[in-house]
Amino acid sequence: MPPLPRRTFAIISHPDAGKTPLTEKLLLYGGAVELAGSVTARKNQRATASDWMELEKQRGISISSTVLQFDYNGYRINLLDTPGHKDFSEDTYRVLTAVDAAVMVIDAAKGIEPQTRKLFEVCRRRGVPIFTFMNKCDRPTRDPLELLDELEKVLGIGAFPVNWPLGNGPSFRGVYDRLTHRVHLFERQSHGSREAAVQVVGFDDPVLRDTLDEPVYNQARDEIEMLTGAGETYDMERVLAGQVTPVYFGSAMNNFGVQLLLDGFVEHSADPGPRRAKGENGAPGPLVQPDNPVFSGFVFKIQANMDPRHRDRIAFVRIVSGAFNREMSVIHAQSGKKIRLSNAQKLFGQQRETVEEGLAGDVVGILGHDILRIGDTLTEDRAIVFDEIPRFTPECFAYLRNPQPGNSKKFRLGFEQLLQEGVVQVFMIGTGQVKTPILAAVGPLQFEVVQYRMQAEYQAESHLETARWNLVRWYRKAGADLEWLPDVPDTAALATDRDNRPVVLLTDEWALRHFAQRNPGIEVSPLPFAEPQQA
């Protein structure tokens, strides 16, 4: 029996656009769960499969990315749920390196919002095809034609509405499928926890005329005729090139249009694509194709304590080429060591089961190898090394103190583990023997997550103290001695990153200019320099 074709994608959105409900409903229609739940779970409702962390359930937001794998309609689906909050952009951007397509969720009452736009640009730079779901159509929305126009003008992408809403808000009754020319009428379900009952009819069917008010019916007919005459055509090549986005209308909370999105996506989305390896001296190397028989993959996420009963650590690996088999030995490119992948897991949120094999496009979880870090390559060919993971410049800085010296072992264990996950970055302040760690993050909510997880997972209390710095810059100077240190003002501090590369911490842009003036010939960068400079 031939292997199932793969579909590996992420769901992206601005906070509260409905990303997590849509994730849960895709699992419902995909047969992966029997009863969909709400993130802010009511007493008798189940919690979502994608938001497994206790803090996520309390806050009603996604804090970490989650991998959910299931089979549907002859395809193996790898769905990567991502945080929507901007403070967790790092986690989201890393996940987008591991996908072949994305579903962009938009609140139809608000249109394109700032975080949606940022994530869209990340997908565009990577050439990732995007499918759009206009959500919350069971509530009053903006005019659908305006929403399409906004996609084209603000995001610069062509929009092809695969279906069209019939009604708006309380009058929303279903959608017209422009590819099959059939109408799907939906019935509301209690909290949308089960699949919505659907009646499929033609546009001229008397049932539709009886269901819709005459003004709604006439308006929908006129809009559909106009789209047929003047809109984008469904061009698969342009969709896969990221030039046109197929648009679906519906309501994730009430399951309206979810199955149409899922069916359309798996049929028309991208197959697993190639990834570019690094060449010599940091230059771009060859593309590694998914049909290359040599196994290769890269770590895009690390997560500890997904199972609270065990202090384990799981590395999420996107398979780029070849076939994975449990018990196989591969090369860890960064260390040159051979490691055996004897403990591999298929993932479903917090749940997991042993996986025996995997193909290009799949995501597998590797346990038991503390050597693995985010961005590392696993391969059977030493010449293949990936450099997929983006780096980010922190904007927030804080000290994490241990108020209980007798609990230092737990504090140190939790601190190190969370750093390995990339939840936050760390810099070591000072140039002598004694150095002080300082945490750095894109947004302050990341610090709150660190404190919460230190207490919940390691029983280690902590105290957070905001630091005065707002900028970090890596620096170097051509021809300088190894012992050379720059001249820094009193408001700045010298430090090193986790790889012992020198940085300077500064209060603002004025302090950065002052630092550069005091050190003629110095180079500064918001990210680590690609290659060490030769003296």
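Right, let's walk through the structure included here.

The rules behind the values
- Residues numbered from 1 in each chain as written.
- Predicted model: local features only at pLDDT ≥ 70, side-chain atom pairs only at ≥ 80, totals over all residues.
- Heavy atoms only, no water.
- Helix = DSSP H or I, 4+ residues; strand = E, 2+ residues; numbered from the N terminus.
- Buried < 20%, exposed > 50% of the residue type's maximum accessible area, 1.4 Å probe, protein only.
- Phe/Tyr/Trp six-rings, centres within 6.5 Å; stacked < 30°, edge-to-face > 60°.
- Salt bridge = Lys/Arg side-chain N within 4 Å of Asp/Glu carboxyl O.
- Expected span 1.5 Å × (residues − 1).
- Arc of directions from axis to C-beta.
- Pairing = 2+ DSSP bridges.
- Axes fitted to C-alpha atoms, helices over the stretch in contact; angles between N-to-C directions.
- Parallel < 35°, antiparallel > 145°, perpendicular 65-115°, else oblique.
- Left-handed = near helix turned anticlockwise from the far one by under 90°.
- Contact = heavy atoms within 4.5 Å.
- Nonpolar A, V, L, I, M, F, W, Y, C, P; charged D, E, K, R; others polar.

Some details on the environment of Ser13
Link 1 in the chain: Tracing the backbone through its elements, the reader meets Ser13 in strand β1 (residues 6–13).
Link 2 in the chain: With a relative accessible area of 2%, Ser13 lands in the buried category.
Link 3 in the chain: In this structure the C-alpha to C-alpha distance between Ser13 and Glu113, which are 100 residues apart in sequence, comes to 8.4 Å.

Let's talk about the packing of aromatic side chains
Link 1 in the chain: Enumeration according to the criterion identifies 15 aromatic pairs in this entry.
Link 2 in the chain: Judged by centre distance (5.0 Å) and plane angle (75 degrees), the ring pair of Phe131 and Phe265 falls under edge-to-face. Here Phe131, found in strand β5 (residues 130–135), pairs with Phe265, found in helix α9 (residues 258–268); they are 134 residues apart in sequence, far enough to count as distant. You'll find Phe131 and Phe265 in the same group, each marked buried.
Link 3 in the chain: Here the aromatic rings of Tyr475 and Phe515 are separated by 6.3 Å at their centres, their planes lie at 65 degrees, and the arrangement is edge-to-face. Residue Tyr475 is found in strand β28 (residues 471–477), and its partner Phe515 is found in helix α12 (residues 509–518); the two are separated by 40 residues along the sequence. With respect to class, Tyr475 is no different from Phe515; both count as buried.

Re the pattern of salt bridges
Link 1 in the chain: Per the counting criterion, the structure on display carries 26 salt bridges.
Link 2 in the chain: Here Asp107 ties to Lys136 by a salt bridge, and the two come within 3.4 Å at their closest N and O atoms. Remark: Lys136 occurs in the loop between β5 and α5 (144–154) and Asp107 occurs in strand β4 (residues 101–107); sequence separation between them is 29 residues.
Link 3 in the chain: The partner of Arg501 in a salt bridge is Asp497, with the nearest N and O atoms 2.9 Å apart.
Link 4 in the chain: The exposure class of Arg501 is partly exposed, given its relative accessible area of 26%.
Link 5 in the chain: A relative accessible area of 6% places Asp497 in the buried class.
Link 6 in the chain: Linked through salt bridges whose partners overlap, the residues forming this network are Asp100, Arg126, Arg275, Arg318 and Glu388.

Looking at helix α4 (residues 114–125)
Link 1 in the chain: Between its first and last C-alpha, α4 extends 17 Å over twelve residues, near the 16 Å set by a 1.5 Å rise per residue.
Link 2 in the chain: Those residues of α4 that fall on the buried side of the exposure criterion are Gln115, Thr116, Leu119, Phe120, Val122 and Cys123. Down the axis of α4, the buried set is contained in an arc of 160 degrees. They therefore lie on one face. Away from the buried face of α4 by more than 90 degrees, exposed residues Pro114 and Arg125 are located.
Link 3 in the chain: Once α4 ends, the next one or two residues include Gly127, with phi positive near 70 degrees.

So, the sheet that holds strand β8 (residues 174–177)
Link 1 in the chain: With antiparallel pairing, four strands are arranged side by side in an open sheet as β7-β8-β9-β10. On the outer flanks of this sheet lie β7 (163–166) and β10 (198–201), each paired with one strand and no other. On average, each strand axis in the sheet is inclined to that of its neighbour by 25 degrees, with strand direction left out of account.
Link 2 in the chain: With four bridges joining them, strand β9 (residues 182–186) and β10 adopt antiparallel strand pairing. Bridging from a neighbouring strand, Val183 pairs with Val201 of β10.

Describing the packing of helix α10 (residues 408–421) against helix α11 (residues 445–458)
Link 1 in the chain: Contact geometry for α10 and α11: axes closest at 10 Å, N-to-C directions at 125 degrees. When the interaxial angle is binned, α10 and α11 end up oblique. The interaxial crossing formed by α10 with α11 has right-handed handedness. Contacts between α10 and α11 involve Lys410, Phe411, Leu413, Gly414, Phe415, Gln417, Leu418 and Glu421 from the former and Val450, Arg453, Met454 and Tyr458 from the latter.
Link 2 in the chain: When the residues that make up the contact of α10 with α11 are grouped by side-chain class, the tally is seven nonpolar, two polar and three charged.

Overview of unusual backbone geometry
Link 1 in the chain: One non-glycine residue with positive phi stands out, namely Glu327, at about 85 degrees.
Link 2 in the chain: Assignment of secondary structure puts Glu327 in the loop between β16 (323–325) and β17 (329–332).
Link 3 in the chain: At Gln459, a position not held by glycine, the phi torsion is positive, near 50 degrees.
Link 4 in the chain: For Gln459, the location among the structural elements is in the loop between α11 and β27 (463–466).
Link 5 in the chain: For Gln459, a relative accessible area of 40% puts it in the partly exposed group.

Some thoughts on the sheet that holds β27
By definition, the strands of a sheet pair up through backbone hydrogen bonds, in either a parallel or an antiparallel sense.
Link 1 in the chain: The eight strands lie next to each other as β27-β24-β26-β25-β29-β30-β28-β31, forming an open sheet whose pairing is antiparallel. Edge positions in the sheet fall to β27 and β31 (522–525), since each has one partner strand and no second. If you compare each strand with its neighbour and ignore which way they point, the axes differ by 40 degrees on average.
Link 2 in the chain: Here four bridges tie β28 to strand β30 (residues 502–506), and the two strands are oriented antiparallel to one another. Looking at β30, one finds that Val472 is bridged to Leu505.

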